[in-house]
Amino acid sequence: MFYRSFAAAALLATSAQAQTDLPFALDWKFEGPAAPYFAAIDNGHFSDAGLNVTIEAGNGSLDAIPKVATGAYPVGFADINSLIKFLDQNPGAPVIAAMMVYDKPPFAVIGRTSLGISDPKSLEGKVLGAPPPDGAWAQFPIFAAENGLDMAAITVEPVGFPTREPMLAEGNVAAITGFSFTSTLNAERLGVPADDLVTMLMADYGVDLYGNAVIVNTDFAAANPEVITSFLAAVAEGWKDAIADPAAVMPMLMERNPAADAELEQRRLELSIRDNVDTDWVKANGFGVIDDARMASSLDQIATTYEFTTPPDAALYFTDAYLPEGGFKLAE
């Protein structure tokens, strides 16, 4: 690995010399919320930091965790709650969250009013479609506990990601778990009328958790701290670009996913910005950082449905060592 200071990296980038290759494992397909990372590439934020970043699509919000933990990827994007459980089950694994992106998680239950879904209790007696690797499904037990649901009264149908929304559209399941900005818009695209959809954001029903974060391989980060610091700063710049002008970053996404619907993906990006990324808390406290008291509360909540093998310790799951004090500002 080529070691250098941040200043030297910027100088090398400016003079078009060799850059550090850095593969980034995304959580999901190239949809609207992925556009900020492509903006960081196309607008030169990564290259200005001396980084040659390549982005790989994922298969769910748990997908990147083992990829980063094994060192196959030095950085990734994953659900921090799933990371917490992974580290409890694999103590000492070299992976940690280093930048919170979804301050308010998009975990949701999406149902159809025409199939009897109106609120959490209405799930009882119904069929719920849930992909096993889905981050929203991973948190469903907390949602169920917070809302007093009888899990024995809910028929859970394991489904694949490609069949999740089609099964809802066809009426084979009454509700599904998923990310709010993904499943709701996908169902609409498949012909489900917007007024027939009920989107229950778990954060609005008692689930006090964080969402997806940038995760890093701790061995790589310890050896290359300036690379991680530069990478996170460039990611923040990509999000700033997307927030300032969502339409401007859509061509960057469409170049990587020509089959996508640009209007739909822009709407998806805008929903993620409004509901998950640029929240009131982030506006007041900074992007990327977390609130220690809220993290402690979320660990308590995870413990209500998950038995930790060792007492949870927030320091094992998140570090702000590669962030500026007070995080990043997403608007001028």
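Procedures and definitions
- Residues numbered from 1 in each chain as written.
- Predicted model: local features only at pLDDT ≥ 70, side-chain atom pairs only at ≥ 80, totals over all residues.
- Heavy atoms only, no water.
- Helix = DSSP H or I, 4+ residues; strand = E, 2+ residues; numbered from the N terminus.
- Rg over C-alpha atoms; globule rule 2.2 N^0.38 Å.
- Buried < 20%, exposed > 50% of the residue type's maximum accessible area, 1.4 Å probe, protein only.
- Contact = heavy atoms within 4.5 Å.
- Areas by Shrake-Rupley, 256 points an atom, 1.4 Å probe, with all protein chains shown as cover.
- Pairing = 2+ DSSP bridges.
- Lys, Arg positive; Asp, Glu negative; His and termini not counted.
- Salt bridge = Lys/Arg side-chain N within 4 Å of Asp/Glu carboxyl O.
- Polar contact = N/O pair within 3.5 Å; in protein donor to acceptor, adjacent residues only side chain to side chain.
- Axes fitted to C-alpha atoms, helices over the stretch in contact; angles between N-to-C directions.

Draft legend 1. Main features of the overall build of the chain. Counting its secondary structure elements, the chain contains 14 helices and ten strands. Its C-alpha atoms give the chain a radius of gyration of 20 Å, near enough to 20 Å, the size a compact globule of 332 residues would have. Referenced to the eigenvectors of the C-alpha coordinate spread, the extents of the chain come out at roughly 65 × 45 × 35 Å. Classification of the 332 residues of the chain by burial places 55% in the buried group. Residue pairs in contact within the chain that sit at least 24 positions apart in sequence constitute 80% of those at least 6 positions apart. Carbon and sulfur atoms make up 54% of the accessible area of the chain, which totals about 13000 Å².

Draft legend 2. Spatial organisation of the pairing of strand S3 (residues 75-79). In terms of burial, S3 is largely enclosed, as five of its five residues are buried. Strand direction decides the pairing type here: strand S1 (residues 20-25) and S3, joined by two bridges, are parallel. Bridging across to S3, Ala-25 finds its partner in Gly-76. Summarising the sheet, S3 and strand S10 (residues 212-217) pair through five bridges and their orientation is antiparallel. Residue pairing in the sheet places Asp-79 in a bridge with Asn-212 of S10.

Draft legend 3. Focus on the side chain of Lys-85. If you trace the backbone, Lys-85 turns up in helix H5 (residues 80-89). Asp-79 provides the closest opposite charge to the buried, salt-bridge-free Lys-85, at an N-O distance of 7.1 Å. From its side chain, Lys-85 meets the backbone oxygen of Ala-138 in a polar contact 3.5 Å long. Beyond its immediate sequence surroundings of up to four residues, Lys-85 is in contact with Ala-138, Gln-139, Ile-302 and Tyr-306.

Draft legend 4. Up close: the sheet that holds strand S7 (residues 155-158). A sheet is described by the order of its strands in space; here five strands give the open sequence S7-S6-S8-S5-S9, paired in mixed fashion. In this open sheet, the two edge strands, each paired with only one partner strand, are S7 and strand S9 (197-201). When the angles between neighbouring strand axes are averaged without regard to direction, this sheet yields 30°. Direction of pairing for strand S6 (residues 127-130) relative to S7: parallel, over a ladder of four bridges.

Draft legend 5. Structural context of the sheet that holds S3. Strand order in the open sheet formed by five strands is S2-S1-S3-S10-S4, with mixed pairing between adjacent strands. On the outer flanks of this sheet lie strand S2 (51-56) and strand S4 (95-100), each paired with one strand and no other. Across the sheet, the mean angle from the axis of one strand to that of its neighbour is 30°, orientation sign disregarded. In terms of strand pairing, S1 meets S2 through six bridges, oriented parallel. Directly across from Thr-20, in S2, lies its bridge partner Leu-51. Contacting S1, S2 and S3, helix H2 (residues 35-42) runs over the sheet at an angle of about 150° to S2.

Draft legend 6. Examining the environment of Thr-155 more closely. Within the fold, Thr-155 resides in strand S7. Looking at Thr-155, the relative accessible area reads 45%, which means it is partly exposed. C-alpha of Thr-155 to C-alpha of Lys-240: the two residues are 85 residues apart in sequence and 42 Å apart in space. Leaving out residues up to four positions away in the same chain, Thr-155 has contacts with Lys-126, Val-127 and Leu-128.

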